[in-house]
Amino acid sequence: MAVSTVKVVINGQTYNLSYNSTSGKWEGTVTAPGVTSYNVNSGHYYPVTVTATDQAGNTTTKNDTDSTLGSSLKLIVKETTKPTVAVISPASGARVTNSKPTISFQLRDETNGSGINISSLTLKIDGGSAIGNTATGMTCTSVTGGYNCSYVCQTALAQGSHTITVDIKDNDGNQASTSSLTFTVDTVPPVLNITAPTNNLITNKSSVTVSGTVSDATSSPVSVAIKLNGVDQGAVTVTSGSFSKALTLAEGSNTILVTATDSAGLTTSIARTVVLDTGAPNITAVSITPNPANSGATLTISVVVSD
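As the structure is a prediction and not an experimental result, all values here were calculated from the model.

Draft legend 1. Structural context of the sheet that holds strand S11 (residues 116-125). Ordered by their spatial adjacency, 4 strands build an open sheet running S9-S15-S14-S11, and the pairing between neighbours is mixed. With partners counted over all chains shown, the strands left at the sheet margins are strand S9 (95-96) and S11, one partner each. As judged from the 2 bridges shared by S9 and strand S15 (residues 179-185), these two strands associate in the parallel manner. When the bridges of S15 are listed, Val 96 appears paired with Val 185.

Draft legend 2. The arrangement of the side chain of His 162 in detail. Structurally, His 162 can be placed in strand S14 (residues 160-170). Looking at His 162, its side chain comes within polar contact range of the main-chain oxygen of Ala 158, at 2.6 Å. If we ignore the near neighbours within four places in the chain, the residues touching His 162 are Asp 126, Leu 157, Leu 181, Thr 182, Phe 183 and Val 185.

Draft legend 3. Structural detail: the pairing of S15. Summarising burial for S15: 5 of the 7 residues are buried, a large majority. When S14 meets S15, the two strands line up antiparallel, connected through 7 bridges. Across the sheet, residue Thr 163 finds its bridge partner in S15, namely Thr 182.

Draft legend 4. Focus on the environment of Asn 41. On the secondary structure map, Asn 41 appears in the loop between strand S4 (25-27) and strand S5 (46-54). A polar contact is formed between the side chain of Asn 41 and the backbone nitrogen of Gly 43, at a distance of 3.0 Å. A polar contact of 2.8 Å, which involves the side chain of Asn 41, links it to the backbone nitrogen of His 44.

Draft legend 5. Quick peek at the state of the cysteines. The full count for this structure, using the stated rule, is 1 disulfide. Disulfide pairing is shown between Cys 140 and Cys 149; the S-S distance is 2.3 Å. Sign of the S-S torsion, about 115 degrees for the bond between Cys 140 and Cys 149, identifies this disulfide as right-handed. Unpaired in terms of disulfides, Cys 153 finds its nearest cysteine sulfur in Cys 140, a separation of 14 Å. For Cys 153, a relative accessible area of 2% translates into the label buried.

The rules we used
- Residues numbered from 1 in each chain as written.
- Predicted model: local features only at pLDDT ≥ 70, side-chain atom pairs only at ≥ 80, totals over all residues.
- Heavy atoms only, no water.
- Pairing = 2+ DSSP bridges.
- Helix = DSSP H or I, 4+ residues; strand = E, 2+ residues; numbered from the N terminus.
- Polar contact = N/O pair within 3.5 Å; in protein donor to acceptor, adjacent residues only side chain to side chain.
- Contact = heavy atoms within 4.5 Å.
- Buried < 20%, exposed > 50% of the residue type's maximum accessible area, 1.4 Å probe, protein only.
- Disulfide = S-S within 2.5 Å.

Given below as structure tokens:
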């Protein structure tokens, strides 16, 4: 008897094949499922079932479990969408004050995708050795759609600029676009030098000029703030690392606090004490002994003075 129909079932969809007299085969054009087969089963394929029926109604069915044709009845479907990488911290251009910062990033694959192949994770710092998901300091937590990862740098990074790159693939082999960013490590506060006034200066002038220099090799520019007796004295202009600010002292002891802050938020402070004394000394008593005195005699003069 002749074969009358041949049907194929893929992912619950039935397709009728047509006989090709030229090739002598039953053929058909079908559309692959729109979702990767990676998560269908442990073999990562869609089972295909073929049923042939002759004119007498006899049928033969073959599927992926058949010892002879089973391997031919496994349809592997791969997604084409690349996974994504998003570095959360440090932010691009950030200045961090920890030489062993934590690098945090998110790995995501599309909904119904093959999923993130976490073993393909590659983190590099300044183009150095690849750091994978099992490296010391690396933690990756599975979440919906992928992983949240963080890596604590195991070796202190030098002062200055550093670049990190993160690469990942999904389980179908699609590679994400490399995520790359640069940040700056700055653990050293700015250098502050006060050239005037000297500490514990005593003066009878109510105006005093605070001057000095600031520098920071890693995180310029540096801003300067000055407080007099706890009160901020307003904007301080820094030109080529130098600054000066005129202050008006209060009678008595004055505390001047100068604070330099670099772009990473690190600070250096220096305090100066200046005493303003505008009261003239008061002479209250004078004695000359002996008085009168013989010519050429030795005299003792005593003066009582208060200030």
